[in-house]
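Residue-level structure breakdown
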Amino acid sequence: MTQEHKGLTYKEALKIAKENGEEVVRAYCPMCGPNTQCRTYAFVKDGRLVRVAGMAEAGMNQGALCAKGLAAVEWQNSPERLKNPLLRVGERGEGKFKEISWDEALDIIADKLSEQKEKYGPETLAILSPAYREFKNISLRFLAVHGSPNHAHSGICAMQNAFSYFYTVGSMAFPDTANADLIIYWGKQPAYSGPANERARSLVEAKKRGAKIVTVKPSLEADGAMGDEWIPVRPGTDAALALAMLHVIINEDLIDHEFVEKWCYGFDELKAHVQQYTPAWGEYITGVPKEQIISFARMYATTPKACIETGNGLEHSASASSTIRAIASMMAITGHLDREGTNMLTMGGGPRPKDVMRFDLYTDELVDKLVAPEMPKAFMPFLEGPASSYFKTLESVLTGKPYKIRTLIAPSTQPLLSTRGTKTVLEALKKVDFFVTVDVMRMAEYPYADLVLPVATFFEMEHPFGMDGNRIIPRPACVKPLGDYKTIYHFFIELADRLGYGEDFWHGSYDEFENDRLSPFGVTIDEVRRHPEGLAVPFERKPRTFENYERAFAKPSMRVSKAPFLPQHKVALYNTSFEEAGYEPLPTYREPAESLTGAPELAKKYPLLLSDYHTSRAYSASWLRNIPSLRQIQPEPMLEIHPEAAKARNIADGDMVKVESAHGWLLVKAEVTQRVRLDTVMMLHGWWMGCKELGIEDMPYADGGANVNSIYDVSEKAYDPLVTAMSSQALVEVSSYDG
């Protein structure tokens, strides 16, 4: 490795491989989401992966790999990898299975889906959505062709923010951090929450060039440690903070009058509306001093090159949609929209393969069959087609309302960990007619599945090509498969063919699937395979233009009608589309189901407010705890608690503590730290799996374990009424636990 770059060049990788009697293969890293972007060199010996290194030539990671990426060898070769398709032979929960062939497994699923389609209707199939994975679009195609709208999305990841942005400013509003003088990370963790890409690099570069960095979240994380100011907002109250800031900005006339006059709809209504949201009220709700709210609002409004990067943390509250609508409105009225150094509207990018989703099959009749609409039916389909709420889809198995989901397919998702209401989810998995899991590793739900299907990793079998700038990158197999595998793409393609959907699924041909995706480029998958370094396609990258308001604000939606996101072709400060559908036209604060200010009686018994993180330096959501090197980095679930709160409860750093809410209880260790608010405790989401190689046992899914999703409220008041976002706030008490 030279000093000029991180990672290895291909020449350097070849030299190392030759010295060690190994083969080196260009590969992608599979170790985090939302999709596979970081490129690596895979070193193979005797058909087995022995090491990985970052690829210096890669456009995304530029040779860098995080701890998760460097643990890919352990993950690939884990003794907990599934090896063969398994059919349940015992009672649900016993974990008794027998090995069967893939042909038998696919026949069983096809027969069951055909039977249920005839008897109950195709909509009784639901596919549980993982965090975004590249195979998602083929699973959405499968649902559409089968005749079901029930893509069960999490309600806590990405689409909630996206929906609110699109219906306020017409698109996402990405921060131009490279040119900003003020960067605000709001509910966002750029260091750990995704690939080793420009988000983390831009934070470091911004710090080097002297940009001011502000973080808004309940606890101080890695990005905040590099920041200039921390706004320690109470969990679930971000909408209140944004509305109080709007009060300051509007009343102090810190607005871009020309932009508001020409490109905003409903400013007068917004101005009257925010008068109730004073900084003093904001302090009461958020716990942020009113003086800090005022200075923060002024700082943002008066810094010409200021941008805000919002994260998934803002989606976990009963006011999720209003939070983003208020922040987007703030961007607009201050002129911080689609100008250099501000938040940029999305206007298309580099060359893209053909999307295999079937938007042509989405009809009003199909949308009307949603078992639990994630967003109102009037606004479906959205970016990922029609979608149902993940938890409410599972709940329908128990309630039968409006009808009962009969089959659940869970590809690379763990419903016992991924959504709230663990005890309800467990009951649904026990009672659903037919349940299939599809993954590379043992999952929490494994004992309750009727079929457990093992799929290949990127290292074991060819996967669909990737893109790196204007180059099409093949993803060849690198190693010998550890078991009897198919890729998840082959699973959906071959299952569709068995169901008689071959005409819509390339007649069962994986190569034709790839050729269809490649059709915009005029090349075939065989041509791509002949270029392991990547096949360049013509693409003229035009300079970025600014103030593309006329085009952006007229963008058609994905609804069947293709009506525009913004009917007035202006920023929707006052949203007439929402009003017509029976929802709040202005961003409005709703108390979380459990909060210190909204539930004072409950707070007498449970005086601390709990929330959670979804990613860390070692883990992505609910997986990777069984990887030894990562488990050594973060061996145990920890509860971050302020020193004063710990002292009042006679809790010392490292003590085992009981965390109890009105819905259940957890056992974790205390981490006494000033990085968290005095009235708040925080912990990492996703704990259940042990690490057999280190002798660590699995934990209970619910009471007595460390799965934070098991102790949240899942009543109707815990949802955002517009986007069914689920709250991640629970009132708790913490006490020492001596066993």
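Refer to the preceding data block for the structure.
Residues numbered from 1 in each chain as written. Predicted model: local features only at pLDDT ≥ 70, side-chain atom pairs only at ≥ 80, totals over all residues. Heavy atoms only, no water.

1. Some words on the overall build of the chain
- If you tally the helices and strands in the chain, you get 26 helices and 28 strands.
- The C-alpha radius of gyration of the chain comes to 25 Å, within 12% of the 27 Å expected for a compact globule of 739 residues.
- Expressed as lengths along the three principal axes of its C-alpha atoms, the size of the chain is roughly 65 × 65 × 60 Å.
- Residues counted as buried form 61% of the 739 residues belonging to the chain.
- Long-range pairs, those at least 24 residues apart, make up 73% of the contacts in the chain with a sequence separation of at least 6. (Helix = DSSP H or I, 4+ residues; strand = E, 2+ residues; numbered from the N terminus. Rg over C-alpha atoms; globule rule 2.2 N^0.38 Å. Buried < 20%, exposed > 50% of the residue type's maximum accessible area, 1.4 Å probe, protein only. Contact = heavy atoms within 4.5 Å.)

2. Description of helix 14 (residues 320–333)
- An ideal rise of 1.5 Å per residue puts 20 Å on 14 residues; helix 14 measures up with 20 Å between its terminal C-alpha atoms.
- Judged by how many residues are buried, helix 14 sits mostly within the fold: 14 of 14 residues are covered.
- At the exit of helix 14 stands Gly335, carrying a positive phi of roughly 80°. (Expected span 1.5 Å × (residues − 1).)

3. Re the environment of Ala206
- Following the sequence through the fold, Ala206 ends up in helix 7 (residues 198–209).
- Among the residues examined, Ala206 registers a relative accessible area of 0% and is labelled buried.
- In the structure, Ala206 is positioned 27 residues away from Asn179 in sequence and 8.5 Å away in space, judged by C-alpha atoms.
- Setting aside anything within four residues of it in sequence, one finds Ala206 in contact with Ile183, Ala211 and Ile213.

4. Let's talk about helix 16 (residues 390–399)
- Burial analysis of helix 16 places 7 of its 10 residues in the buried class, the great majority of the element.
- Check the buried side of helix 16 and you find it contacts strand 6 (125–128), strand 7 (151–153), strand 15 (388–389), strand 16 (407–411), helix 17 (415–418) and helix 18 (422–431).
- Downstream of helix 16 by one or two residues, Gly400 has phi in the positive range, about 70°.

5. What to know about unusual backbone geometry
- Note that the residue after Met380, namely Pro381, is joined by a cis bond; omega there is -5°.
- Going from Lys401 to Pro402, the amide bond is cis rather than trans, its omega being -10°.
- As for its placement among the helices and strands, Pro402 is situated in the loop between helix 16 and strand 16.
- In this model, Glu547 sits at a positive phi of 55°, which is unusual for a non-glycine residue.
- Exposure remark for Glu547: the relative accessible area of 44% places this residue in the partly exposed category.
- Located in the positive-phi region is Lys562, a residue other than glycine, with phi close to 60°.
- Under the relative-accessibility criterion, Lys562 is labelled partly exposed at 46%.

6. Quick word on the sheet that holds strand 1 (residues 23–28)
- The antiparallel open sheet is built from 3 strands, whose spatial order is 1-2-3. In the strand order of this sheet, the two ends are held by strand 1 and strand 3 (48–54), each with one partner. Neighbour-to-neighbour, the strand axes of the sheet open up by a mean angle of 30°, direction not taken into account.
- In this sheet, strand 3 lies alongside strand 2 (residues 39–45) in antiparallel orientation, the contact comprising 6 bridges. (Pairing = 2+ DSSP bridges. Axes fitted to C-alpha atoms, helices over the stretch in contact; angles between N-to-C directions.)

7. Considerations on the side chain of Ser622
- Within the fold, Ser622 resides in the loop between strand 23 (608–613) and helix 25 (628–633).
- Overall, Ser622 belongs to the buried group, its relative accessible area being 6%.
- Within the local environment of Ser622, its side chain forms a polar contact with the side chain of Gln414, the two groups lying 3.1 Å apart.
- Ignoring any residue separated from it by four or fewer positions in sequence, one finds Ser622 in contact with Gln414, Leu417, Ser418, His685, Gly686 and Trp688. (Polar contact = N/O pair within 3.5 Å; in protein donor to acceptor, adjacent residues only side chain to side chain.)

8. What to know about the pattern of salt bridges
- Enumeration over the complete set of coordinates arrives at 44 salt bridges.
- Across the salt bridge formed by Arg498 and Asp107, the nearest N and O atoms sit 2.8 Å from each other. Placement of Arg498 in helix 19 (residues 488–498) and of Asp107 in helix 4 (residues 102–120) is noted, with a sequence separation of 391 residues between them.
- With relative accessibility at 34%, the residue Asp107 sits in the partly exposed group. (Salt bridge = Lys/Arg side-chain N within 4 Å of Asp/Glu carboxyl O.)

9. Observations concerning the packing of aromatic side chains
- Evaluated as defined, the whole model comprises 33 aromatic pairs.
- Seen in terms of ring centroids, Tyr510 and Phe513 are 5.8 Å apart; in terms of plane orientation they differ by 55°. Their pairing is tilted. One end of the pair is Tyr510 and the other is Phe513, both in helix 20 (residues 510–518) and 3 residues apart, which spans about a single turn. Note on accessibility: Tyr510 and Phe513 belong to one class, buried.
- An aromatic cluster is defined as three or more aromatic residues linked by ring pairs; in this entry it consists of Phe142, Tyr489, Phe491, Phe492, Tyr501, Phe505, Trp506, Tyr510 and Phe513.
- For the cation-ring pair, Lys112 lies above Phe434, with the distance from its terminal atom to the ring centre recorded as 5.8 Å. (Phe/Tyr/Trp six-rings, centres within 6.5 Å; stacked < 30°, edge-to-face > 60°. Lys NZ or Arg CZ within 6 Å of the ring centre and 35° of its normal.)

10. Points about the environment of Arg133
- When you line up the elements, Arg133 lands in the loop between strand 6 and helix 5 (136–146).
- For Arg133 and Ser412, which are 279 residues apart along the polypeptide, the C-alpha to C-alpha distance reads 8.8 Å.

11. A short note on the sheet that holds strand 27 (residues 680–684)
- One closed barrel accounts for 6 strands, arranged 23-27-24-26-25-28; its pairing is mixed. Adjacent strand axes in the sheet meet at a mean angle of 45°, parallel and antiparallel pairs treated alike.
- Here strand 23 pairs with strand 28 (residues 730–736) via 3 bridges, running antiparallel. Paired with Leu610 across the strands is Ala730, a residue of strand 28.

12. Focus on the environment of Asp360
- Tracing the backbone through its elements, the reader meets Asp360 in the loop between strand 14 (343–345) and helix 15 (364–368).
- Measuring from C-alpha to C-alpha, the distance between Asp360 and His273 comes to 40 Å, with 87 residues separating the pair along the chain.

13. With respect to the packing of helix 4 against helix 19
- Where helix 4 meets helix 19, the closest approach of the two axes is 9 Å, and the angle between their N-to-C directions is 55°. What the angle tells us is that helix 4 and helix 19 run oblique. Remark: the crossing between helix 4 and helix 19 carries right-handed chirality. When helix 4 is examined against helix 19, the residues Trp102, Asp103, Leu106, Asp107, Ile109, Ala110 and Leu113 are found in contact with a partner set consisting of Phe491, Glu494, Leu495 and Arg498. (Parallel < 35°, antiparallel > 145°, perpendicular 65-115°, else oblique. Left-handed = near helix turned anticlockwise from the far one by under 90°.)

14. Points about the packing of helix 5 against helix 19
- Put simply, helix 5 and helix 19 touch, their axes get as near as 9 Å, and they point 15° apart. With respect to their mutual orientation, helix 5 and helix 19 come out roughly parallel. The hand of the helix 5/helix 19 crossing is left-handed. Contact residues: Ile138, Ser139 and Phe142 in helix 5; Tyr489, Phe492, Ile493, Leu495 and Ala496 in helix 19.
- For the contact of helix 5 with helix 19, the per-class residue count stands at 7 nonpolar, 1 polar and no charged. (Nonpolar A, V, L, I, M, F, W, Y, C, P; charged D, E, K, R; others polar.)

15. Looking at the pairing of strand 16
- Taken across its 5 residues, strand 16 has 5 buried, putting it largely inside the fold.
- One ladder, built from 3 bridges, connects strand 6 with strand 16; its direction is parallel. Paired with Ile127 across the two strands is Ile409, which belongs to strand 16.
- Note that strand 16 and strand 17 (residues 434–439) share 5 bridges and pair parallel. What sits directly across from Pro411, in strand 17, is Val438.

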